[in-house]
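Structure assessment
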Amino acid sequence: MLIRKLFKFENAHIVRNCTSDRCKRSIHGHSYKVELLLKASKLDHGQMVYDFGLLKGVIKELFDSFDHAICYWQKDDPAYIDACKTFSARWIALPVSPSAEQFSRIFFYLAQQVLNSTITQNGEGDVEVYSVIVHETDTGYAQSFQEDIDNEQMGALSLDQIIFSEQVQAEWSNPEMYESLKQGLKFQNPNVDLQVNI
């Protein structure tokens, strides 16, 4: 079974090396919509794949980090990178280009890492990320699947190479959240008191 959670944010970027002259030469922004699709072959004690409320925690905070931020490819011109850091408190450095395609991979990867580091408490089953769809505009989106995350031709992803500015980190409910994720520390979902015996 699949469930879908929608996230929204505003973000700016330049997509170097693309065909469109406007996109590759000028900073521009989009109102992004990110669809996170989770799958499982069993339901938890609440008869859910995964409680939507749980997706308002670490995953939402990481996704919200991209709101009103500028994202840049770490291979870009150092002068441009310095300008991003100088004139924007909210920036994110990526090991890949900030295209819609790569955003879909980044969000898939981040959600997957959080789920893998979460101790569940309500009988959840084999919950995993099925797909991520990133709508860059009303008419265009990119969608990624597990095989796209594993495809090194599309660029290797690692937590160490996704870098959030100090301002972004300071706005998290726990500024050490991402460092904990990188260190493999576990997040624990709340305990659940069952009202119906099963």
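We now turn to the structure provided with this report. (Residues numbered from 1 in each chain as written. Predicted model: local features only at pLDDT ≥ 70, side-chain atom pairs only at ≥ 80, totals over all residues. Heavy atoms only, no water.)

Quick word on the pattern of salt bridges
What counts, and what does not: The rule for a salt bridge is simple: a side-chain nitrogen of Lys or Arg has to be within 4 Å of a carboxyl oxygen of Asp or Glu. Strands are runs of DSSP state E lasting at least two residues, helices are runs of H or I lasting at least four, and both sets are numbered from the N terminus onward. For every residue, the accessible area (1.4 Å probe, protein chains only) is compared with the maximum for its type, and the residue is labelled buried under 20%, exposed over 50%, or partly exposed between those bounds.
According to the stated counting rule, one finds seven salt bridges in the structure shown. Among the ionic pairs, Asp76 bridges to Arg16, the shortest N-O distance being 2.8 Å. Here the residue Asp76 occupies a position in the loop between strand S3 (69–73) and helix H3 (78–87), and Arg16 occupies one in the loop between strand S1 (2–13) and helix H1 (21–25), the gap between them amounting to 60 residues. When its relative accessible area of 24% is taken as the criterion, Arg16 is described as partly exposed. A salt bridge links Lys39 to Glu128; the nearest nitrogen and oxygen atoms lie 3.5 Å apart. With Lys39 in strand S2 (residues 28–39) and Glu128 in strand S6 (residues 128–135), the pair connects residues that are 89 residues apart, well separated along the chain.

A few points about the sheet that holds strand S4 (residues 91–94)
What counts is decided by this rule: What makes two strands pair is DSSP finding at least two bridges between them. Whether two residues are in contact is decided by their heavy atoms: any pair within 4.5 Å suffices. Note on geometry: axes are lines fitted to C-alpha atoms, helical ones only across the stretch in contact, with angles between N-to-C directions running from 0 to 180 degrees.
Overall, mixed pairing links the seven strands, which are arranged S7-S6-S2-S1-S3-S4-S8 in an open sheet. In this open sheet, the two edge strands, each paired with only one partner strand, are strand S7 (141–144) and strand S8 (163–164). As paired elements, S1 and S2 share 12 bridges and run antiparallel to each other. Looking across to S2, one finds that Ile3 is bridged to Leu38. The sheet strands contacting H3 are S3 and S4, and the helix crosses S3 at an angle near 160°. Across the sheet, helix H4 (residues 100–116) touches S1, S2, S3, S4, S6 and S7, and the angle it forms with S6 is around 150°.

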